[in-house]
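Residue-level structural notes
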Amino acid sequence: TADAVLRLVDEGKVALTDPISRYVADIPNGDTITVHDLLAMRSGAYDFADDKAFFERYSAEPTLPWTDDDTLAIIRAHAAEFTPPNQKTVYNNSNYVLLGYVIAKAAGRPAPEYLADVIRDLGLANTSYPSGDALPEPFLRGYLADGTAPPPPGGYRDVTASNPAVAGTAGAMVSTVPDMLRYAVQLGTGASLAPATAGQRQSWTPLTTSGVRLQYGLGITQ
């Protein structure tokens, strides 16, 4: 998603200083949160994944019907929990859902279509943005656990099938280990981006203040 936005920057269709209100209406602080803030995880927006009612519903049924409008409704409902933008770097799924709207409006077509072009141009033949909850075989299975309680009778619940619309442009894509290895090199070297844009991408701010020191750029972690 960050690659797609930065390509649109290179194409002159998006400016990093654009407010998100240019692309989607009625977002709290929408006139002050910029595309750069969203890419850098510095928007101060509420993370829709933290909504208790949403989390309980999704945990109970990962294939639940969902649209980006449902995500926006959660974001808008938590306006009081927004903080001023560009103050602190906090990983936030809402940022990249909102960037999906930037891609769609700037590219003039749905974000998954534009992302498919990015995937193709990078040569990632086994990476895709699925439209349903079926995964290409073979695939690993996922199970729901809280990390502390012992397995229930019969084992953990299989939650492999998940509606990709829930994550949207914050994480709906599926891939393989070889493709991810290829993409890691492309990500680190700025493949397909103008040198100036690739350089600006690595403008780091602290993501952690204790333990392992992590910094975040524009869709990239150091």
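Everything here concerns the structure above.
Here the structure is a predicted model, which means the values were calculated and not measured. (Residues numbered from 1 in each chain as written. Predicted model: local features only at pLDDT ≥ 70, side-chain atom pairs only at ≥ 80, totals over all residues. Heavy atoms only, no water.)

Concerning the overall build of the chain
Scanning the chain for helices and strands turns up 9 helices and 4 strands. Listing every helix and strand of the chain by position from the N terminus yields α-α-α-α-α-α-β-β-α-α-α-β-β. For 222 residues, the compact-globule formula gives about 17 Å, and the C-alpha radius of gyration of the chain, at 18 Å, lands near that figure. Across its three principal directions, the C-alpha atoms of the chain cover 55 × 45 × 40 Å. Put simply, the chain has 222 residues, and 42% of those count as buried. Expressed as a percentage of contacts within the chain between residues at least 6 apart in sequence, the contacts between residues at least 24 apart total 68%. Approximately 11,700 Å² of the chain is accessible, and the part contributed by carbon and sulfur atoms is 57%. Each charge sign in the chain was given a centre, from 16 positive and 24 negative side chains, and these centres are 5 Å apart. (Helix = DSSP H or I, 4+ residues; strand = E, 2+ residues; numbered from the N terminus. Rg over C-alpha atoms; globule rule 2.2 N^0.38 Å. Buried < 20%, exposed > 50% of the residue type's maximum accessible area, 1.4 Å probe, protein only. Contact = heavy atoms within 4.5 Å. Areas by Shrake-Rupley, 256 points an atom, 1.4 Å probe, with all protein chains shown as cover. Lys, Arg positive; Asp, Glu negative; His and termini not counted. Charge placed at Lys NZ, Arg CZ, Asp CG, Glu CD.)

Description of the nonpolar core
In a soluble, globular protein the nonpolar side chains are often hidden away together inside. Within the largest apolar cluster, 49 residues are counted, with the highest numbers of intra-cluster contacts made by V14, I20, V35, L39, L98 and L99. When contributions to this core are tallied by element, the ones reaching two or more residues are helix 1 (2–10), helix 2 (35–39), helix 4 (68–77), helix 5 (93–107) and helix 6 (111–121). Sort the elements by how many residues they give to this core and helix 5 lands first, with 9 residues. If we ignore the near neighbours within four places in the chain, the residues touching I20 are I27, G30, I33, L38, L98 and V102. (Core = buried A, V, L, I, M, F, W, Y, C linked by side-chain atoms within 4.5 Å.)

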